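What follows is each chain in one-letter form.
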Amino acid sequence: MRRIHDFHGGIHPAEHKSDSMAQPIQPAGVPDVLVLPTGQHIGNSALPTVAPGQRVLGGEEIAEADGALSVPCHAPTSGTVLAVEDRPVPHPSGLSALCIVLQPDGRDEWAEPRPFANPMNADPLLLTQHIQQAGIAGMGGAGFPTAVKLSPRPGKPIQTLIINGTECEPYITADDSLMRERAAAVISGSLILAHVLGNPTVLLGIEDNKPEAIAALKDAATGSGVEIVVFPTKYPSGGEKQLIEILLGAQVPSGALPADIGVVCQNVGTAAAVHHAVVNGRPLVSRITTVTGEAVSRPGNYEVLLGTPIRHLLALAGYDASVNQRLVMGGPMMGFTVSDPDCPIIKTSNCLLLPTEAELPTPPPPQACIRCGLCAEACPASLLPQQLFWYSRGRDHERLEAHNLFDCIECGACAYVCPSHIPLVQYYRASKAEIIAQRQDAERAEHARQRFEARQERIERQAREKAERREARKRAAEAKATAATGDDKDSDPIQAAIERAQARKAALADAGSKD
Amino acid sequence: MALLRVTSPHAHGAQDTTQVMQSVLLATLPGVAVMTWFFGPGTLVNILFGSMVAVAMETVALALRRRPILRTLDDHSAVVTASLLCISLPPYSPWWLIVIGMGSAIWLAKHFYGGLGYNPFNPAMVGYVVLLISFPVQMTSWAPPRGTGAELPSFLEALRACFAPQTYDAVTMATALDVVKQNSGLTLEALWRESPQLGRWAGAGWEWVSLAFLAGGLWMLKKRLFTWHAPVGMLLSITLLSALFYDEGSSASKGSPLFHLLGGATLFGAFFIITDPVSSAVSNRGRLVYGALIGALVYIIRVAGNYPDAVAFAVLIMNFAAPFIDHYTQPRTYGHRVRPPT
């Protein structure tokens, strides 16, 4: 039995997970229109390769990766490209971004699948490329391009691959249902990832509140070498850093990556997507999304085509707009509100939460901070949230950084326990943004200063060189003049002219006297 | 319904500040009940009158500072401050003493610094110390407890003592801390035989009052209203120091550990005063240090100072030191090897 470690802090919010686990995963079907943002991942947005009016097949690439930190997009089904334009996308900012709008034709014709032959003996680099070309980005919520994490880093071998099946946020059961129903795909994908990383130890971490998923995984993992590690339920044990501490007892140094201590973490959904891409040759065009909350009458998990408008899913789940108070994409701890139900489901959309006012009441006006310290007890990063709150209000950026503001993972545990209902995470986000903006300003100012100094120096140098050249010319002229005088000392032309004139005068006088 | 646009987290735990304050008030009840049993209704009158004065003063302060009045009053912090101060005052205190104490606590210690959460000093203890220094006679006139011969005043007499103090004949008696402090010739055993007010361990009535406050404190600890660090730090250091100087109960003894734990305001202070989060250190380690230093100061002031009890002074002095303690007890952040410099 592997030793389980604990991490500091954490909370035990009401789970509400059984609400959406009553039925197996249901297909969400094909909506009237699919809106596919080109930036569904962290990194550079993909570059569209299709034009309006063009017909595409399912699985066909419709936008290509822009560099290494990017993944392509694929058509989830066959149809016609209606437009390539800005549409509202699910993002905390509520802004619009470039999307490819696809009208499905209902025939669902697919391009030839391209499975990767004999992957377990293949070159890891080719497999990594294949995974990138399949459009796979972290499906746990962050959307970091998976291939980037798989790329070898010289001198930093990976000893442990952690497959994250924790799903610690309340309400969300997308990973739970995936592990229950498709455990074999998760394990197969995990083994492919392990092969790419040079066969490190593979640990699949899962909280003990998912007994059925644990049983299914243990069954599927028998003899595979993947170790299923079960640990007590606590939020946020699914945070990458926390999970590493739970399983390995090690901490990722501040500012470093898990790879720096020989660890790579991948979500179970990502592992299943890798399996589909490599074994079945299908790119990432759908995902499992939990639709839950008291404002829907049929909560559950849906297999959703990427680009499906939220509206379509809400109709399927029996949504009652009159009682819904906010539309959250993600969970109740880290999700963000979306105001436009035409926003699409994207690669990172693990949950739609539709609570009623009674379920998640509107936050009351905050009371004074009484420094009770509950936040410090709850903080999984061992920060002092109430001190950060003071400094954030006082815009004391120096102290904020000294108190490690940037180690905050924004899990929301501090605000959850705060008896004064202070929106602490909001303060930290604002302060982080301020500090980053200030750093960028400082960087720009430094850059401008360097440019100015370089210019100043160049002007001075040019002036100096000009002056030197002038000086040199002057000296040369003088030298020439001196040299000229020196050479003709005995034959001064003026003197010669005078002499000549005198001689002529004398000659004239002679001639006159002869007259 | 228009959709809300707010940032995460969307879920919130059950506890709120109003409930925290209400729980503290509830936790004082056993102690107040035992005080009433032993000393009569004086403390009750103190608390009722003091709370009204405190709420009135808080209202005035909020109005002058243009703060939301009802929403702020709803946090119950003024009533908590009033209760804690009134429990510390001698029963049957005159009204003007209570009014001056509340003014010092609510206005001077709290609102002058910006209200709840901004006060560097514990308001109840500021009120107490202002009164103790200004009116030492009234502040050391403790009524004799039940079982030491005197008859307990009725509720009506208690009201008279408060609102018409000139017509009330107070009966007072030296407290156990006083008796032990003044002792010079007797061994503790002989002293205890001679003085009925010393009770079984630490003062007739007092010891039971302390135990009742301990019960309330443990209940709050179980409800996780505060962590164990500050109370345990304080009680440990008092126990250690008093054991060190116990001297087998000779005439030079400063009292046994049990005497110092159950006597005076030790347990009340450990669970109701130094656990005030606003004016204490913030990290758990910091609170352990903070509590331990308060315990040490309490013992030193008790045996070497001019005042018989010391909790209020010790707390105020350590309130000064709390930011300093914070500076050196910042916890190690995840992924950092050493504590960052501040």
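As the structure is a computational prediction, the values presented were derived from the model and not from experiment. (Residues numbered from 1 in each chain as written. Chains lettered and ligands numbered in written order. Predicted model: local features only at pLDDT ≥ 70, side-chain atom pairs only at ≥ 80, totals over all residues. Heavy atoms only, no water.)

> Now, about the overall build of chain A: what can you tell me, with residues and values included?
Counting its regular elements, chain A contains 14 helices and 17 strands. Taken over C-alpha atoms, the radius of gyration comes to 36 Å for chain A, far larger than the 24 Å a tight globule of 515 residues would show. Each principal axis of the C-alpha distribution contributes one length, and for chain A these read about 150 × 65 × 50 Å. The 515 residues of chain A split such that 49% are buried. Within the structure as shown, chain A displays about 23,300 Å² of accessible surface, and the carbon and sulfur contribution to it stands at 54%. (Helix = DSSP H or I, 4+ residues; strand = E, 2+ residues; numbered from the N terminus. Rg over C-alpha atoms; globule rule 2.2 N^0.38 Å. Buried < 20%, exposed > 50% of the residue type's maximum accessible area, 1.4 Å probe, protein only. Areas by Shrake-Rupley, 256 points an atom, 1.4 Å probe, with all protein chains shown as cover.)

> Give a description of the UniProt feature "transmembrane region" (unreviewed entry) in chain B that names residues and reports values.
Residues annotated by UniProt as "transmembrane region" (unreviewed entry) correspond here to residues 20–40, 47–64, 125–143, 228–246, 258–275, 287–304 and 310–329 of chain B. Measuring from the first to the last C-alpha atom of residues 258–275 of chain B gives 22 Å, for a span that is 72% helix and 0% strand. (UniProt positions renumbered as here; feature names shortened; annotations may be inferred.)

> Hey, could you go over the pairing of strand β14 (residues 300–305) of chain A for me, with residue numbers and the actual values?
Residue and element names in this part refer to chain A. The buried fraction of β14 is high, at five of six residues. Pairing of strand β1 (residues 26–27) with β14, which is carried by two bridges, proceeds in the parallel orientation. By the bridge assignment, Pro-27 is partnered in β14 with Glu-303. (Pairing = 2+ DSSP bridges.)

> Give a description of the nonpolar core that names residues and reports values.
Residues Leu-204 and Leu-217 of chain A together with Met-102, Phe-272, Tyr-290 and Ile-294 of chain B are the most contacted members of the largest nonpolar core, which totals 172 residues. In contact with Ile-294 of chain B, other than residues within four places in its own chain, are Met-234, Ile-274, Ala-314, Val-315 and Met-318 of chain B. (Core = buried A, V, L, I, M, F, W, Y, C linked by side-chain atoms within 4.5 Å. Contact = heavy atoms within 4.5 Å.)

> Quick one: what's the story with the sheet that holds strand β9 (residues 160–164) of chain A, residue by residue and with numbers?
All names here are of chain A. Here we have four strands laid out as an open sheet, ordered β11-β10-β9-β12, and parallel in their pairing. In the strand order of this sheet, the two ends are held by β11 (226–231) and β12 (263–267), each with one partner. Adjacent strand axes in the sheet meet at a mean angle of 25° when their direction is disregarded. Note: β9 against strand β10 (residues 201–207), five bridges, orientation parallel. Counted as the bridge partner of Ile-163 is Leu-204 from β10. Along the sheet, helix α6 (residues 240–248) makes contact with β9, β10, β11 and β12, crossing β9 at roughly 120°. (Axes fitted to C-alpha atoms, helices over the stretch in contact; angles between N-to-C directions.)

> An account of the side chain of Asp-175 of chain A is requested, with residue identities and associated values reported.
Relative to the helices and strands, Asp-175 of chain A resides in helix α3 (residues 174–181). For Asp-175 of chain A, the residues in contact, after removing those within four places along its chain, are Glu-167, Asn-267, Val-268 and Gly-269 of chain A.

> Would you mind going over the packing of aromatic side chains in detail, with residue names and values included?
Tallying each qualifying case throughout the model produces 16 aromatic pairs over all chains. Measuring from centroid to centroid gives 4.7 Å for Trp-142 of chain B and Trp-206 of chain B, while their planes differ by 65°, and the two rings are edge-to-face. Residue Trp-142 of chain B is found in the loop between α7 (136–139) and α8 (155–163), and its partner Trp-206 of chain B is found in helix α11 (residues 206–222); the two are separated by 64 residues along the sequence. The residues Trp-142 of chain B and Trp-206 of chain B share a single accessibility class, namely buried. Relative to Tyr-328 of chain B, the ring of Phe-324 of chain B has its centre 5.3 Å away and its plane inclined at 65°; by these criteria the two rings are edge-to-face. With Phe-324 of chain B and Tyr-328 of chain B both in helix α16 (residues 311–328), this residue pair falls four residues apart, about one helical turn. Both residues of the pair, Phe-324 of chain B and Tyr-328 of chain B, belong to the exposed class. Taken together through their ring pairs, the aromatic side chains of Phe-389, Trp-390 and Tyr-427 of chain A together with Tyr-118 of chain B make up a single cluster. Here the guanidinium or amino end of Arg-282 of chain A rests over the ring plane of Trp-110 of chain A, the centre of that ring lying 4.1 Å away. (Phe/Tyr/Trp six-rings, centres within 6.5 Å; stacked < 30°, edge-to-face > 60°. Lys NZ or Arg CZ within 6 Å of the ring centre and 35° of its normal.)

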